Structures are given as structure tokens and as C-alpha cells.
Amino acid sequence: QVHVVESGGETVRPGGSLRLSCAASGTIALIHTMGWHRQGPGKQREFIASITGAMTEKYGDSMKGRFTISRDATGTLYLQMNDLKPEDTGVYYCNVAGRLRSLAEFDSWGQGTQVTVSS
């Protein structure tokens, strides 16, 4: 099974920036898509952004223009967050879907990393 771990979350002031990282481990043969979701206090989980194996990017409307998703050659996923607002506070989750070397398909989530935007 694929294990997914997010990192980079911390407390920042409004207007600040953060870059989150996501690393997946396992016998991965192919990644179909990687993405980010978040869940604020008392809120439902919402979509932030995703990137496919063809490098096609999609963004949720609430963070368009402030958040940027990217992926490097090792498969590490990033989320650059700029001009952060208090409403961006929440737990940020990484999702990875693809195919294992065994040919089995997988869809795995990390445990999340906390982002707090506060003055």
C-alpha cells in the first residue's frame, strides 16, 4: 500500500506564504493524478488543486491566483501558498492515485498537515 506524508504546515501571519510538500512511498509504477484538499475547523473538506501525469492543473475557485501546485521528477508534490488569509486555516491533505508495480490501482491519502493563519 502507498503511504503519503505531507509536511510544511505551520502558523503564519495573514499575508504570509508557505510551501507544503507531499511525498509518497511504495512500489509505485505510475501516478495518474496528485492533489491537495483542505478542511477548516467545522467545515467540510474542499478541493484545492490537482495535477495529472500529463501535467494538467486544476484549481478550486477560492484559492485561484494565490495557490500553485507543482510536481518534480521524483514525484514529490508541492503547494505554494501566497497571501494567506485566516480562512485558509485548516488541515491540508495530499492525495495520490496511480498504479503499483503489481498492476493494482491505488488511491491514497496522507494524514494531513496543519496550517494556521493568525495575527
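Residues numbered from 1 in each chain as written. Predicted model: local features only at pLDDT ≥ 70, side-chain atom pairs only at ≥ 80, totals over all residues. Heavy atoms only, no water.

Engineer: In this structure, what is going on with the overall build of the protein chain? I would like to understand it.
Structural biologist: In terms of regular secondary structure, the protein chain is built from zero helices and 11 strands. Helices and strands appear in the protein chain in the N-to-C order β-β-β-β-β-β-β-β-β-β-β. Relative to the 2.2 N^0.38 estimate, which gives 14 Å for 119 residues, the radius of gyration of the protein chain is 14 Å and therefore close to what a compact globule would have. Seen along its three principal axes, the alpha-carbon backbone of the protein chain occupies a region of about 50 × 25 × 25 Å. Sequence-distant contacts in the protein chain: of pairs separated by 6 or more residues, those separated by 24 or more amount to 53%. Roughly 6500 Å² of accessible area belongs to the protein chain as shown, and the carbon and sulfur atoms make up 48% of that amount. (Helix = DSSP H or I, 4+ residues; strand = E, 2+ residues; numbered from the N terminus. Rg over C-alpha atoms; globule rule 2.2 N^0.38 Å. Contact = heavy atoms within 4.5 Å. Areas by Shrake-Rupley, 256 points an atom, 1.4 Å probe, with all protein chains shown as cover.)

Engineer: Quick question: what am I supposed to make of the pattern of salt bridges here?
Structural biologist: Pairs can form between side chains of opposite charge whenever their charged atoms are close. Following the criterion strictly, the structure yields four salt bridges and no others. Glu 46 is the partner of Arg 38 in a salt bridge, and the nearest nitrogen-oxygen pair spans 2.6 Å. Here Arg 38 falls in the buried class, since its relative accessible area comes to 6%. Arg 66 is the salt-bridge partner of Asp 88, the closest N and O atoms lying 2.9 Å from each other. Highlighted residues: Asp 88 in the loop between β8 (77-81) and β9 (90-100) and Arg 66 in the loop between β6 (57-59) and β7 (67-71), separated in sequence by 22 residues. Taken as a pair, Asp 88 and Arg 66 share a single burial class, namely buried. A single network of salt bridges, built from pairs that share partners, joins Arg 38, Glu 46, Arg 66 and Asp 88. (Salt bridge = Lys/Arg side-chain N within 4 Å of Asp/Glu carboxyl O. Buried < 20%, exposed > 50% of the residue type's maximum accessible area, 1.4 Å probe, protein only.)

Engineer: Is there a simple way to think about the sheet that holds β8 in this case?
Structural biologist: Hydrogen bonds between backbone atoms are what pair the strands of a sheet, whose relative direction is either parallel or antiparallel. If you trace the four strands from one edge of the open sheet to the other, you get β1-β3-β8-β7, paired in antiparallel fashion. Each having just a single partner strand, β1 (3-7) and β7 make up the two edges of the open sheet. Neighbour to neighbour, the strand axes of the sheet diverge by 15 degrees on average, direction disregarded. (Pairing = 2+ DSSP bridges. Axes fitted to C-alpha atoms, helices over the stretch in contact; angles between N-to-C directions.)

Engineer: I tried to follow unusual backbone geometry on my own but got confused; where do I start?
Structural biologist: Working note: non-glycine residues mostly have negative phi, and peptide bonds are mostly trans. In this structure, Asp 83 takes a positive phi of about 50 degrees despite not being glycine. By the secondary structure assignment, Asp 83 is in the loop between β8 and β9. Notably, Leu 103 is not glycine yet its phi reads approximately 85 degrees, a positive angle. By the secondary structure assignment, Leu 103 is in the loop between β9 and β10 (105-109). Under the relative-accessibility criterion, Leu 103 is labelled exposed at 64%.

These values are about where atoms sit, not about what they do.
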